[in-house]
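Given next are the chains, with one letter for each unit.
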Amino acid sequence: MTHAHPAAESCSMLHETARVPAVGTAARALAWVALEQNGAWGRLAPTQSHLDPDLGARFEALAKQV
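In this report, the structure presented in the accompanying data block is examined. Since the structure is predicted, the reported quantities are computational estimates derived from the model, not experimental observations. (Residues numbered from 1 in each chain as written. Predicted model: local features only at pLDDT ≥ 70, side-chain atom pairs only at ≥ 80, totals over all residues. Heavy atoms only, no water.)

1. Comments concerning the overall build of the protein
Definition in use: In DSSP terms, a helix is any run of H or I states spanning at least four residues, a strand is any run of E spanning at least two, and both are numbered starting from the N terminus. Only protein chains enter the accessibility calculation, which uses a 1.4 Å probe; a residue whose area is less than 20% of its type maximum is buried, one above 50% is exposed, and one in between is partly exposed.
Across its full length, the protein carries two helices and zero strands. Among the 66 residues that make up the protein, the fraction classed as buried is 9%.

Dropping the structure here:
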């Protein structure tokens, strides 16, 4: 099995090219929630998806409190 090289515009390649360490650049999360939903979703998945609009709005509001 062969592995493809990362694309030149990928985060890891951009950091390497700029000689900037990528360590510690990811956002810090206090918690993760996995929610399966069929179909596409937008940038704001809770409110831009096929979820019930009230559920999505409540979920988004609770996430902002963390």
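2. Observations regarding the layout of surface pockets
Put simply, the rule reads: Detection works on a 1 Å grid of protein atoms alone, calling trapped sets that fit a 1.4 Å probe cavities and calling open sets with protein on both sides within 12 Å along at least five of seven lines pockets, with lining residues defined by an atom within 4 Å of a point. Grid points are joined across faces, edges and corners, and a volume is the space filled by probe spheres set on the points. Charged residues are taken to be Asp, Glu, Lys and Arg, nonpolar residues to be Ala, Val, Leu, Ile, Met, Phe, Trp, Tyr, Cys and Pro, and polar residues to be all remaining types, Gly included.
Considered as a void within the structure, the largest pocket measures approximately 300 Å³ in volume. Lining the largest pocket are Ala27, Arg28, Ala29, Leu30, Ala31, Trp32, Val33, Phe59, Leu62, Ala63 and Val66. The class makeup of the residues in the lining of the largest pocket is ten nonpolar, no polar and one charged. Estimates place the volume of the second largest pocket at around 160 Å³. Lining of the second largest pocket is provided by Val33, Ala34, Leu35, Gln37, Trp41, Ala45, Pro46, Ser49, Leu51 and Phe59. Its residues assigned to classes, the lining of the second largest pocket comprises eight nonpolar, two polar and no charged.

3. What about a nonpolar patch on the surface?
Heads up, the condition is: Residues form patches when they are more than 30% accessible in relative terms and have no salt bridge. Like charges link within 9 Å. Nonpolar side chains (Val, Leu, Ile, Met, Phe, Trp, Tyr) link within 5 Å. Each accessible area is a Shrake-Rupley result for a 1.4 Å probe, and residues are judged covered by the shown protein chains and nothing else. Salt bridges are defined by distance alone: a side-chain nitrogen of Lys or Arg within 4 Å of a carboxyl oxygen of Asp or Glu.
Nonpolar side chains collect at one region of the surface, where Val33, Leu35 and Phe59 lie side by side and expose about 280 Å² of accessible area between them. Its place among the elements puts Val33 in the loop between helix H1 (11-18) and helix H2 (53-65).

4. A few points about H2
Our working rule: Helix span, expected: 1.5 Å multiplied by one less than the number of residues in the helix. Here a polar contact means two N or O atoms within 3.5 Å. Within protein one must be a hydrogen donor candidate and the other an acceptor candidate, and residues neighboring in sequence count only if both atoms are side-chain atoms.
Under the 1.5 Å per step criterion, the end-to-end length of H2 is 19 Å for 13 residues, consistent within 8% with the ideal 18 Å. The backbone nitrogen of Asp54 lies 2.9 Å from a side-chain oxygen of the residue at the head of H2, namely Asp52.

5. Observations concerning the side chain of Glu60
Under the convention used in this document: Positive charges come from Lys and Arg alone, negative charges from Asp and Glu alone, with His and the N- and C-terminal ends not counted. Note on definitions: a residue-residue contact is assigned when non-hydrogen atoms from the two residues lie within 4.5 Å.
When you line up the elements, Glu60 lands in helix H2. Of the side chains with opposite charge, Lys64 lies nearest to the buried Glu60, which makes no salt bridge, at 4.2 Å. Apart from the residues lying within four places of it in its own chain, the contact partners of Glu60 are Leu44, Pro46 and Thr47.

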